[in-house]
Structures are given as C-alpha cells and as structure tokens.
Amino acid sequence: MKKFLFSALSLVSASSFVFGQTETKEPFALIMTEEDSFSAYIVASSKVSLRCREQKQSTTYKNVRLASTNVYFIEPAEYTQAMELFRARKYVEARDQFTICAATYAKVDEVPGNYSTLANYFVLECHRKLGDLNALDTALESFIAGPLLHQQDHAQIEIYKVFWDAVRTSAWSRLVSIAGDPKWEEKKLAGELRAQVSYCTGLAYEGIKKPGMALNAYNGAFVADFAASEVLTRKAALACLRILKNHEDVVLAMKLYGSEEYDENSNGAFLIREGIALVKLWDKSLGGGEKIPAEYKVFLKYDKKDN
C-alpha cells in the first residue's frame, strides 16, 4: 500500500512539472509594525492581515494586521531575471518570466507593493511593447491595480484602457475627442506616458485623414521621451516619414525640384527638409542600428548639403 501511495504521489508531482504548474514560494519581506520590525517569510495574506514566520523552517507563526504595518518586499530572483530580459527588449521571454514570477508569489497579491502584482503589470507592458493589443485587453480584465504603489503605474493602466483600447478598436474620432480633453492635456505624466498619449493621438488623426495634426502628435511622441521609449519613438518617426512622403505638398515639391517653379519657401519644401532631418536622425541614433526602410531614403535626394 505504501509503495502504491509513493508511486501515486510521484506521478502527481511529475504531472505538475509536465503541465507547467508553478511552485509557489513564501515571499521574504521587512515588516515594520508600530511595536517592532523584523524580517520574515510570509506564509499567507489577505487584504487586512499577514501570517509569517521569521525562520524558513520555523513552526512558530506571527499574525500581523496590515492597517498598522509597512511591508517592504525583498525583490525575488524570478523578478530580477524578468526585468533583465525586459530591459534587453526581449519582450516575449520577459513576458513568460514575469508570468512565472506572478504565479510564484501570488499568495501575497493583495498586499501593497507585492511582486506578483508588479510582475503582472509588466506582463501588460510586454503585450504593449509587442503591439499585441488584444492580449493586453484580455489580461486587463483580470488585473487588479490596487496593490501598485506608484501613481504613474496607475496612470499607465488608465492609458491602456482609454488610449490603447481606442487604438485596438480603431475608434479614431473618440480618441481625438479624448486627447483634446483638458483632463489629458493638463495631466502630469512621465515622459514615456506622454509619448504614448501623443503616439495614439497621431494614429487617430491619421485615421480621420488629418495628416498635419498627425505629424504634430507624432513629433510630440518622440520629443516627450526620446531616450527611454525607443520602440515607440521609432514607430512615431516612421509614421512621420510615411505621412511626409505621401503629403500632396511634398509630392508636388519633389516633382518641381530643380526647376524654376520650385519654391524653397513653400510648405512642400519645408516638409521635405523635415523628412531629410528625420532620415539623418534615424541613421545617427534613432534607428539603433536598424536600417531605415528604403522607400524613405528618397528624401536624401533633395538634401542640398549632400548634393
């Protein structure tokens, strides 16, 4: 009987491994109450209390009420590994590692500042970076933002739900209306968040056939956060070049270039110079080593300095 039981348990353990079930772990944290401070492993938690033990193998537990307690979680290795992948722009691998981290520490996902919620937040970010807005929308349905500590993270969640969802559904007129709301124009946002708002607004203006307004919005995207949002700023730059190349004034100016009818002070000539500057900026730094699409190199034919 014992042999059978051991075999059954081994089979269950092996099945869990095969089907990718993640082992949960006890998060380690510095806990500061009104009377004491100590480091401990958290065994269980709810919105109002913690149960923890100071030594990993201890059978003695402490129950702590969260109302009068500050909990400072120690960053787990799973989260560190995921962030390294994220910073290296390996977003598929980072998404998978963040998912593992979120499941591993899910037992504290109601405690402010926990790494399960933070890992799930970066799963959302990976979906956004990968441009998978349907996956982002699905993941948002079950995401609970309450335990996030930083105001800008909560602002990012709102931007997902308002701006990126409008992009997902191609609700261009609604997005333009939202972008013009003083609430968003005057809202204090980190550069990366402002860049997202501007980029989504650019897509909306393109969608309603207002290329001039779209150019202004895209320019705002890479001016807002040129250094930190490389993926977004590249998309904004390529969108600008797409609009410039197809702009009726540019098409006419390119046709007249070199003739007596060409006017250096015309809007078309000005926009051509904008295109030249963008192509050069791409080659110098913006492209990050990636070659610009060949169709946009046409602008360099109209660069007087090169000619």
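Conventions and cut-offs
- Residues numbered from 1 in each chain as written.
- Predicted model: local features only at pLDDT ≥ 70, side-chain atom pairs only at ≥ 80, totals over all residues.
- Heavy atoms only, no water.
- Helix = DSSP H or I, 4+ residues; strand = E, 2+ residues; numbered from the N terminus.
- Rg over C-alpha atoms; globule rule 2.2 N^0.38 Å.
- Contact = heavy atoms within 4.5 Å.
- Areas by Shrake-Rupley, 256 points an atom, 1.4 Å probe, with all protein chains shown as cover.
- Lys, Arg positive; Asp, Glu negative; His and termini not counted.
- Charge placed at Lys NZ, Arg CZ, Asp CG, Glu CD.
- Buried < 20%, exposed > 50% of the residue type's maximum accessible area, 1.4 Å probe, protein only.
- Salt bridge = Lys/Arg side-chain N within 4 Å of Asp/Glu carboxyl O.
- Phe/Tyr/Trp six-rings, centres within 6.5 Å; stacked < 30°, edge-to-face > 60°.
- pLDDT = per-residue confidence, 0-100.
- 1 Å grid on protein atoms, 1.4 Å probe; cavity = no way out; pocket = protein on both sides within 12 Å on 5 of 7 lines; lining within 4 Å.
- Points joined across faces, edges and corners; volume = space filled by probe spheres on them.
- Nonpolar A, V, L, I, M, F, W, Y, C, P; charged D, E, K, R; others polar.
- Axes fitted to C-alpha atoms, helices over the stretch in contact; angles between N-to-C directions.
- Parallel < 35°, antiparallel > 145°, perpendicular 65-115°, else oblique.
- Left-handed = near helix turned anticlockwise from the far one by under 90°.
- Pairing = 2+ DSSP bridges.

(A) Examining the overall build of the protein more closely. Across its full length, the protein carries 13 helices and five strands. Over its C-alpha trace the protein gives a radius of gyration of 26 Å, far above what one expects of a compact globule, namely 19 Å for 307 residues. Seen along its three principal axes, the alpha-carbon backbone of the protein occupies a region of about 95 × 45 × 35 Å. Considering only contacts in the protein between residues 6 or more positions apart, those separated by 24 or more positions represent 57%. As displayed, the protein has an accessible area near 17,500 Å², and 53% of this comes from carbon and sulfur atoms. Separation between the mean location of the 38 positive side-chain charges and that of the 39 negative ones in the protein comes to 4 Å.

(B) The side chain of Arg-234, seen in detail. Mapped onto the fold, Arg-234 is located in helix 11 (residues 230-246). The buried charged residue Arg-234 lacks any salt bridge partner; its closest oppositely charged side chain belongs to Glu-290, at an N-O distance of 4.5 Å. Among residues more than four places away in sequence, those in contact with Arg-234 are Trp-282, Leu-286, Gly-287 and Gly-288.

(C) Fine view of unusual backbone geometry. Unusually for a residue other than glycine, Ser-170 sits at a positive phi of about 55°. Along the chain, Ser-170 turns up in the loop between helix 6 (151-168) and helix 7 (172-179). Its identity is not glycine, yet Lys-209 carries a phi of approximately 65°, on the positive side. Within the secondary structure, Lys-209 is located in the loop between helix 9 (191-207) and helix 10 (211-224). Given a relative accessible area of 70%, Lys-209 falls into the exposed group.

(D) Region of the structure containing the packing of aromatic side chains. All told, the structure shown has 14 aromatic pairs when counted by the stated rule. Centre to centre, the rings of Tyr-79 and Phe-122 are 6.4 Å apart; their planes meet at 70°, and the pair counts as edge-to-face. Separated by 43 residues along the polypeptide, Tyr-79 in helix 2 (residues 77-87) and Phe-122 in helix 4 (residues 115-130) bring together distant segments of the chain. One exposure class covers both Tyr-79 and Phe-122, and it is buried.

(E) Examining the pattern of salt bridges more closely. Scanning all chains against the criterion turns up 15 salt bridges. Taken together, the salt bridges that share partners define one network made up of Glu-125, Arg-128, Lys-129 and Glu-192.

(F) Inspection of the confidence of the model for the protein at higher detail. Per-residue pLDDT for the protein has a mean of 87; in total, 90% of the residues score no lower than 70. Counted against residues more than four places away or in other chains, residues 1-20, with its pLDDT under 50, gives one contact.

(G) Up close: the layout of surface pockets. Taken as a whole, the largest pocket encloses approximately 400 Å³ of empty space. The wall of the largest pocket is formed by 20 residues, among which Leu-118, Tyr-121, Phe-122, His-150 and Asp-153 lie closest to the centre. Among the secondary structure elements, those contributing two or more residues to the lining of the largest pocket are helix 2, helix 4, helix 6 and helix 9. The element contributing the most residues to the lining of the largest pocket is helix 4, with six residues. A per-class count over the lining of the largest pocket returns 11 nonpolar, six polar and three charged.

(H) The arrangement of the packing of helix 9 against helix 10 in detail. At a minimum axis separation of 7 Å, helix 9 and helix 10 run at an interaxial angle of 165°. One element, helix 9, and the other, helix 10, form an angle in the roughly antiparallel class. Of the two possible hands of crossing, helix 9 and helix 10 adopt the one that is left-handed. Residues Gly-191, Arg-194, Ala-195, Ser-198, Tyr-199, Thr-201, Gly-202, Leu-203, Tyr-205 and Glu-206 of helix 9 pack against Met-213, Ala-214, Ala-217, Tyr-218, Gly-220, Ala-221 and Ala-224 of helix 10. When the residues that make up the contact of helix 9 with helix 10 are grouped by side-chain class, the tally is 10 nonpolar, five polar and two charged.

(I) Examining the pairing of strand 2 (residues 37-45) more closely. Sheet topology places strand 1 (residues 28-33) next to strand 2; five bridges connect them, and they run antiparallel. The partner of Phe-28 across the bridge, within strand 2, is Tyr-41. Here strand 1 folds back onto strand 2 in antiparallel fashion, the turn holding three residues. Bridge analysis of strand 2 against strand 3 (residues 49-53) gives four bridges, and the strand direction is antiparallel. Bridging across to strand 3, Ser-45 finds its partner in Leu-50.

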